[in-house]
Each structure stands twice: as structure tokens, then as C-alpha cells.
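# Summary of structural features
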Amino acid sequence: EKLGFSGEHPVLLREYFQRHGLEAPEWLSSDDQIWERLAEERREREDRRKRLEGWSHLLQMECNGEPAGILHAAPGESLQVKLSGFIHNNRGDRCIHQLILAVDTTIAAELSDGVPGRGREISKKVRIEAPKEVGTYMLWRFSDLQYSMRDARRNFEHRHNRVTLDLYPAGF
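Presented here is a report on the structure given in the accompanying data block. (Residues numbered from 1 in each chain as written. Predicted model: local features only at pLDDT ≥ 70, side-chain atom pairs only at ≥ 80, totals over all residues. Heavy atoms only, no water.)

A separate point is the sheet that holds strand S6 (residues 120–129). On the basis of which strands lie adjacent, the open sheet formed by four strands has the order S2-S1-S3-S6 and antiparallel pairing. The open sheet has two edge strands, strand S2 (66–67) and S6, and neither has a second partner. Bridge count for strand S1 (residues 56–63) against S2 is two bridges, and the pairing is antiparallel. In the sheet register, Cys-63 faces S2, and the bridge partner there is Glu-66. (Pairing = 2+ DSSP bridges. Helix = DSSP H or I, 4+ residues; strand = E, 2+ residues; numbered from the N terminus.)

Set out below in C-alpha cells:
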């Protein structure tokens, strides 16, 4: 599967950890381990989808018709990207499940709000505004099980007011 990542991904990831003062896990020192962790997380998400295990989701991003794992933008620039993937519930249950795309600690887009049950495909074009400050940022997925997107957004804002270690690769 072509994800649109270039060889700069490991370097950018290390920059990200350093910029945010995050303790670097052992695997971060090896480009091969970084790529393997990303591939393994994506495989696990696909496997969970087949088994309907957990409340899960996975996204692929495109920019200008090409897979895009890394976006480059000027401060404040607005980029249009297409997001595709899936969302499903644990054993196909009837929980209301929200999915949000975030840039570090800021909500960038609302992607899904409803009952995906045994699974729903996601295909959505969104505009993402680049942060005003120059630097390396992470786009990641946040999901919640709430009665409304408003409640999920509130939970996001309370839980994610600082960058944490657990975003990569699980939410990536």
C-alpha cells in the first residue's frame, strides 16, 4: 500500500519528539524500526476491521491526487486533502462513534459522527489550515463514543491540551 511517505519521515518524527520534549523510545533511533512500527499498526488496524475487534478506524490521505503521508505548507496555508478509510464498532455494536482529524492539539476536521456498526467507508475532502508557527506537526486520528460530536470535541479539548507519546503510530 502506497502511503505517500518519503524517506524524510523518520527524520521528521525525531524532530517532532525533540521539539515537544518527548522522551524518545528506543525504536526511534532506527529508521527501519520506525517504518516497521507504522506498518505493523496499519496491519493490526486492518486485522481488527476483519474481526470487528474494538472501535477502530484507519485513514489514508491524498493531496493533489497523490498519496500524502507528509504535507508541506507555509504557515497559515490552507490545504485541501482527501481522506479515505474506514471506521467500525466493536463486534458491530450500535455505539455512536465520532472520528476527528487533529493537528497536534487542535481539531482540524470532523470526519465521522454516527453508528458505523459493522463498518463504514470514509471518503471526505477537507481543508486543513497549517499552524501559524513554522515547525513539524503531526496529523492524527482521535475517536470517541459520545452522543454528539460536540461532546467528542469537548473531550478532545480536555484530554489533548499537550502533545503526548502515544500518538505515534497508534493515532497516526
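With that settled, consider the sheet that holds strand S5 (residues 106–114). With antiparallel pairing, the three strands of this open sheet are ordered in space as S5-S4-S7. Edge positions in the open sheet fall to S5 and strand S7 (139–144), since each of these has one partner strand only. On average, adjacent strands in this sheet sit at an angle of 20 degrees to one another, irrespective of strand direction. The strands touched by helix H3 (residues 149–159) are strand S4 (97–103), S5 and S7; relative to S5, the strand with the most contacts, the crossing angle is about 145 degrees. (Axes fitted to C-alpha atoms, helices over the stretch in contact; angles between N-to-C directions. Contact = heavy atoms within 4.5 Å.)

Glancing now at the packing of aromatic side chains. Taken as a whole and judged by the stated rule, the model has eight aromatic pairs. Centre to centre, the rings of Phe-17 and Trp-27 are 6.3 Å apart; their planes meet at 85 degrees, and the pair counts as edge-to-face. Of this pair, Phe-17 sits in helix H1 (residues 9–19) while Trp-27 sits in the loop between H1 and helix H2 (31–51), placing them 10 residues apart in sequence. Both residues of the pair, Phe-17 and Trp-27, belong to the buried class. Aromatic rings pair up to connect Phe-5, Phe-17, Trp-27, Trp-35, Tyr-168 and Phe-172 into one cluster. If you follow Arg-19 out to its NZ or CZ, it ends over the ring of Tyr-137, 4.6 Å from the centre. (Phe/Tyr/Trp six-rings, centres within 6.5 Å; stacked < 30°, edge-to-face > 60°. Buried < 20%, exposed > 50% of the residue type's maximum accessible area, 1.4 Å probe, protein only. Lys NZ or Arg CZ within 6 Å of the ring centre and 35° of its normal.)

Below, the discussion takes up H3. Along H3, the residues that are buried comprise Met-149, Asp-151, Ala-152, Asn-155 and Phe-156. Buried residues of H3, seen end-on, are gathered within an arc of 160 degrees and therefore sit on one face of the element. Exposed and facing more than 90 degrees away from the buried side of H3 are Arg-150 and His-158. (Arc of directions from axis to C-beta.)

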